Amino acid sequence: MMDDEDGETIIADDLSVDGNENSNNNGITSAEAAELRYAKQRYRSWMLMLIISTFLCSVLIASVKFFAPGRFYNEDGTSTYDIFGSGDNGMGNTANQRRLEQTLDYLVTREASDIITLLPNNTMSPQYMAARWIATIDQHRINIPKADGTTSKDEYPFLQRYSLAVLFLSTGGLNWVYRLNFLSGTHECAWFEPLRTDDLPPNQGYAMGIWCDKNPGTLTERDRDDNLWESSIVTDVHLLPQNGASGTLPSELRHLRYLKTLRIYNQQFISGEIPSAYGFLKNLQVLDLEGNQLEGQIPSSFRFLNNMTLMNLRRNRLSGISADAINQMDNLLALALDSNMFEGKLPEFNLPNLLGITLSDNVFTGEITNSMAGLSSLQLLALDHNELTGKLDVLQDMAHMTHVYLDNNNWDHEINDLFFVGHENITHLDISNCSIRGIVPGHFFNFPKLEILDLSRNLLEGDLPGLAISNTNDTATKLQYLSLHSNNITGPIPQGLSKLKALKHLDLSVNKMAGSINEELGELRGLEYLYLGNNNFSPGKFPDWIRNLSNLEELSLKNNNLNGEIPDWIGELAGLKLLDVGKNFLNGTLPDSMGGLTKLWILMLNSNNLRGGIPSSFSQLKDLETMLIDGNSFEGNTAPICQNRGMDRITHFVSDCASNSSTYSTAVSGSIGGWADPVLAEIECECCTLCCFDDDIFCNDDEWIAHHEGAWQSGYERVYWNFEENGIISEVTDAYDTLAQAWGLP
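Below: a short report on this structure. Everything numeric here is computed off the predicted structure, so don't read it as measured data. (Residues numbered from 1 in each chain as written. Predicted model: local features only at pLDDT ≥ 70, side-chain atom pairs only at ≥ 80, totals over all residues. Heavy atoms only, no water.)

1. Looking at the sheet that holds strand β12 (residues 317–320)
In step 1: If you trace the four strands from one edge of the open sheet to the other, you get β6-β8-β10-β12, paired in parallel fashion. The sheet is open, and its two edges are formed by β6 (246–248) and β12, each paired on a single side. When the angles between neighbouring strand axes are averaged without regard to direction, this sheet yields 15°.
In step 2: With two bridges connecting them, strand β8 (residues 269–272) and strand β10 (residues 293–297) associate as parallel partners. Across the sheet, the residue bridging to Ser271 is Gln293, located in β10. (Pairing = 2+ DSSP bridges. Helix = DSSP H or I, 4+ residues; strand = E, 2+ residues; numbered from the N terminus. Axes fitted to C-alpha atoms, helices over the stretch in contact; angles between N-to-C directions.)

The structure is reproduced here in structure tokens:
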């Protein structure tokens, strides 16, 4: 089963080609052509040395073993030759010797590979090994075309099989975790394995490897004359990601002239440059090379890829890009170049059919130019995490956009009630951490399709638009993620916020909001993430309405003038992973019910007036990675936390467990320096990572703010816990890409 909707997206590249395209099918320069002619002359004189060289090379390989040993298999599944074994590997008879001579002679004459890689003194090259395999080891015994310059029906099937063998060997195929049946005795169209996933019936899977089509619909008249349509033609190469591939991308894939899809992604050790010869794959529609270590330029020859629709080169080390070459791709729908090493001004693309473009996580500078408006079909624009400046006015008339990510730049822009008016299709809008000035526009809350709104870490002022929110159609709103933290927003939590029924994520923390904490928030039963801390709310008890929010996973009421006791019903919030009520005036003892919060990763109770011991029920909190209880009056010991954890120690555990005898100190009770009176530990803790003295205001004085900085690359789900002053704690979920899903692309 072929997976056409796997959430991956695709990108474009260029090639430099010297001379006429029809006269030079390999993308080589005139200097290289001269070297080829000279090498050909040398080649025939060296052919007599072939058998001796092969023998000597086999002895060398037996000692060095550059590649791991790999066996190949007959069509019936029985094992055959080990290409680096001690046997003759098919070289022990005259017929195989002659086949190898014919194979090398044809490949050199046809200029199918760089001739240097096919010389007898380079028998370890992937090209020479592929030639040797196809001539002497391969049980398929494919016909070898004649080296007389004429064309025949044997030529394309031979080049197809040879090119895929070179791909296998160039990318360390002998070390792949799964071989995908490459270099088996079967036809190359059987070089695949099904990948079973839970979303498919038991008898189905995604085919990873080589996909073929008996009639790809792009055969020429010459191909029909050669009866090529009766053969199985490779149209898709889709290597299994994270499969241990290493090495470089071979230029020989240019011979697969009917290739429509090339996906070699998330292979950590694939490096080098993108071969310029890929610009001759004129039927290519999908190119996915994401997540490798590719570097250099996007080849200018990619201007010939007129059928390209999806091109994904994100998460590499690419540094050069030619907008002129990419602008030749009239059918391009999606272009992903984020997370590379591009720098300078934004490329000026002119692609009227483009639906999505990602240029995030590079070093682009300067302003958005008016050329951006020429992307008349654009729906997704990702410019986040660059060093861009200037105004955003050019985006005002691009009302067809649905996903806009501008965060983590240096825009010089002030937003008001006219900003993005008319953008009724907007679904995601992220302009966080950009030094944006102005107010929170009220019409944002009336956008019928808006799901994500992140304006956090800016310079926004004024009250929240209560009237606009209260006029929201509570049955139509789709807003799920609202993050406004770290601004200068004032006033109370507005009435009507409960109409945002779809809200899962609400962060109003680190502002200057006042008044009481609106109990109307208790009607937002779908909330999973609620952060209200570090505001100027009036003193009050622990809000009782929070009991209704049974889906909560993260709750922060830090520094909110809370008093009274922690309620016993807190244990009913069984899904909590983070609970932060630090820096308040809470008193009393810890309820036993808190031991039922078995999913807790982070518990912050520091700087309150809590007392008593640690309940024995806390022994159930096996997942705790951060616990702050300093600045209270706890007593006893922390055995319920420390015991029975084995090597799984808490990453951050701070309590008032410091003690001293009569020693010289500057850290005790404001002592200026001198012999201090003995101080006993308030609580015993054998697994704490930091012990404070009870009255030491300078111990553990970090803020420990645990905001979730949402990112489109992870679907705005939390990927890790990150404290601003104390670093990353641990992963919670794996990041996943949402490009194609967000764009609604095939």
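2. Notes on the nonpolar core
In step 1: Core analysis: the largest hydrophobic core is formed by 168 residues, its most contacted members being Val237, Leu395 and Phe653.
In step 2: When contributions to this core are tallied by element, the ones reaching two or more residues are α3 (94–110), α4 (126–137), α5 (155–170), β4 (206–213), β5 (233–238), α7 (323–326) and α9 (639–642).
In step 3: When residues in this core are grouped by element, the largest group, 10 residues, is from α5.
In step 4: Excluding residues within four positions of it along the chain, Leu395 makes contact with Ile368, Met372, Leu381, Met401, Leu406, Phe420 and His423.
In step 5: Counting 14 residues, the second-largest nonpolar core is a separate cluster that includes Tyr529, Tyr531, Ile602 and Met604. (Core = buried A, V, L, I, M, F, W, Y, C linked by side-chain atoms within 4.5 Å. Buried < 20%, exposed > 50% of the residue type's maximum accessible area, 1.4 Å probe, protein only. Contact = heavy atoms within 4.5 Å.)

3. Topic: the pattern of salt bridges
In step 1: Applying the stated criterion across every chain, the model contains 14 salt bridges.
In step 2: Glu101 is the salt-bridge partner of Arg98, the closest N and O atoms lying 3.3 Å from each other. With Arg98 and Glu101 both in helix α3 and three residues apart, the pair spans about one turn of that helix.
In step 3: Residue classification places Arg98 among the partly exposed positions, given a relative accessible area of 47%.
In step 4: Ionic pairing is found between Glu554 and Arg718, a salt bridge with its closest N-O pair at 2.7 Å. With a gap of 164 residues between them, Glu554 in strand β33 (residues 554–556) and Arg718 in the loop between β44 (690–691) and β45 (720–723) connect regions that are remote in the sequence. Here the two residues Glu554 and Arg718 agree in accessibility, since each one is buried.
In step 5: What you see here is one network of salt bridges that share partners, running through Glu290, Arg314, Arg315 and Asp338. (Salt bridge = Lys/Arg side-chain N within 4 Å of Asp/Glu carboxyl O.)

4. Comments concerning the state of the cysteines
In step 1: Within this structure, the stated rule accounts for five disulfides.
In step 2: Covalently, Cys189 is tied to Cys212 through a disulfide, its sulfur atoms 2.0 Å apart. With the S-S bond torsion at -90°, the cross-link from Cys189 to Cys212 turns out left-handed. Of this pair, Cys189 sits in the loop between α5 and β3 (192–195) while Cys212 sits in strand β4, and the two are 23 residues apart along the sequence.
In step 3: Relative accessible area serves as the criterion here: at 15%, Cys189 is assigned to the buried category.
In step 4: Between the sulfur of Cys642 and that of Cys687 lies a disulfide, 2.0 Å long from S to S. (Disulfide = S-S within 2.5 Å.)

Just distances and angles here, no functional claims.
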